[in-house]
Amino acid sequence: MALLKVKFDQKKRVKLAQGLWLMNWLSVLAGIILFSLGLFLKIELRKRSDVMNNSESHFVPNSLIGVGMLSCVFNSLTGKICYDALDPAKYAKWKPWLKPYLAICVLFNVALFLVALCCFLLRGSLESTLAQGLKNGMKYYRDTDTPGRCFMKKTMDLLQIEFKCCGNSGFRDWFEIQWISNRYLDLSSKEVKDRIKSNVDGRYLVDGVPFSCCNPSSPRPCIQYQLTNNSAHYSYDHQTEELNLWLHGCRAALLNYYGSLMNSMGAATLLVWLFEVTITVGLRYLHTALEGVSNPEDPECETEGWLLEKSIPETWKAFLESLKKLGKGNQVEAEGADAGQAPEAG
């Protein structure tokens, strides 16, 4: 028994074909929007690729660009099919290809749904990428004279100013690395020598942060150095007073920014997916309704359209049997090829 059977006369078939034609061209616009969103996200990630550890974060924008292009191609073709469906002579050339084309459309819908899920689920991967990338960026902050790293100071400073953040997880991350180049240290100074010797790795560590961590909204002039030394500043207690620095880490700030972008894009992709599923279902009904027109000279006859020719369990069973037959056919061909090679060897 056919699943979700609907009766169509000529008027309903024409309305269905015209409605699907319009929906397909709207989906072409939706595909262009998906392509644009993927391109925008890719550009935003490229801007800060210096503080990202690998290229895995580009999977989502690349996928959006891919499904956007495929959506434009498939919906343009489907729109042409729906337009030709109004003319029996033109529709005849599409008739043999509609079943495999519908199968391809179903696979495309599955891929589109998976891309939408990836937009929501890749936050964890992005967090680890940012954590390691920011750690490396802070590590190379001082290498202003090293080729290939001389831009890192500017990158980190602009990042902290733009996103109002400091360090990886917080401003104290700067205490654990040497972010001042030896070029700007007086190595003959006893204080500098003692500080370097006091560190196991021979690094010049200070309880200070770069200028880009300063919050310009603070009424007090920025305190960058000796942040944990209360006696170094007048009327200052680092444990109770609200510091005039950005307190949030850059990893959380970037993660919130990119996470909100990907969540919005995931929601948009889900809407496009629902639209594409509706078009695929409509195309299936149009295909089965036109299949029922047995006499081309009587186009006004009433026909039936359905989603599946059999019930869901029967369709699944038939699908498994077809897979088994395909596997047995391949096995027979392989045995025939081996039998043919045996006499040659003899």
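The structure under discussion appears in the preceding block.
Nothing here was measured: the structure is a model prediction, and the numbers come from that model.

J.: Even after reading the chapter, I still don't get the overall build of the protein, so can you show me in this structure?
T.: Regarding its fold elements, the protein presents nine helices and two strands. Sequence-ordered secondary structure for the protein, helices as α and strands as β, is β-α-α-α-α-α-α-α-α-β-α. Of the contacts formed within the protein by residues at least 6 apart in sequence, a portion of 74% connects residues at least 24 apart. Carbon and sulfur atoms make up 61% of the accessible area of the protein, which totals about 20,200 Å².

J.: I tried to follow the nonpolar core on my own but got confused; where do I start?
T.: As a rule of thumb, nonpolar side chains are buried together in soluble globular proteins. In this structure, M156, W174 and V209 are the most contacted members of the largest nonpolar core, which totals 69 residues. At the level of secondary structure, the elements contributing two or more residues to this core comprise α1 (10-47), α2 (59-84), α4 (98-121), α5 (123-139), α6 (152-163), α7 (190-197) and α8 (250-291). Of the residues forming this core, the biggest block, twelve residues, is contributed by α8. If we skip the residues at most four places from it in the chain, W174 touches M138, Y141, M156, Q160, C166, G167, W179, V206, G208, V209, P210 and C213.

J.: Would you mind going over the pattern of salt bridges with me for this structure?
T.: Per the counting criterion, the structure on display carries nine salt bridges. As a salt-bridge pair, D84 and K80 come within 3.5 Å of each other at their nearest N and O atoms. In this pair, D84 and K80 both sit in helix α2, four residues apart, roughly one turn of the helix. Put simply, D145 and R183 hold a salt bridge, and the shortest N to O gap is 2.7 Å.

J.: Even after reading the chapter, I still don't get the state of the cysteines, so can you show me in this structure?
T.: Covalently bonding the sulfur atom of one cysteine to the sulfur atom of another cysteine gives a disulfide. This structure, assessed with the given rule, holds three disulfides. Paired by a disulfide, C166 and C213 hold their sulfur atoms 2.0 Å apart. Measuring the twist about the S-S bond at about 85°, one finds the C166-C213 disulfide to be right-handed. With C166 in the loop between α6 and α7 and C213 in the loop between α7 and α8, the pair connects residues that are 47 residues apart, well separated along the chain. Under the relative-accessibility criterion, C213 is labelled buried at 0%. Looking at C119, it has no disulfide partner, and the nearest cysteine sulfur is the one in C118, 7.2 Å off.

J.: Explain the packing of α5 against α8 here, please?
T.: α8 packs onto α5 with a crossing angle of 145° between their chain directions and a minimal axis gap of 10 Å. Relative to α8, the crossing made by α5 is right-handed. Of α8, the residues touching α5 (which contributes R123, L126, E127, L130, A131 and L134) are C250, R251, L254, L255, N256, Y258, G259 and M262. For the contact of α5 with α8, the per-class residue count stands at nine nonpolar, two polar and three charged.

Parameters and conventions
Residues numbered from 1 in each chain as written. Predicted model: local features only at pLDDT ≥ 70, side-chain atom pairs only at ≥ 80, totals over all residues. Heavy atoms only, no water. Helix = DSSP H or I, 4+ residues; strand = E, 2+ residues; numbered from the N terminus. Contact = heavy atoms within 4.5 Å. Areas by Shrake-Rupley, 256 points an atom, 1.4 Å probe, with all protein chains shown as cover. Core = buried A, V, L, I, M, F, W, Y, C linked by side-chain atoms within 4.5 Å. Buried < 20%, exposed > 50% of the residue type's maximum accessible area, 1.4 Å probe, protein only. Salt bridge = Lys/Arg side-chain N within 4 Å of Asp/Glu carboxyl O. Disulfide = S-S within 2.5 Å. Axes fitted to C-alpha atoms, helices over the stretch in contact; angles between N-to-C directions. Left-handed = near helix turned anticlockwise from the far one by under 90°. Nonpolar A, V, L, I, M, F, W, Y, C, P; charged D, E, K, R; others polar.

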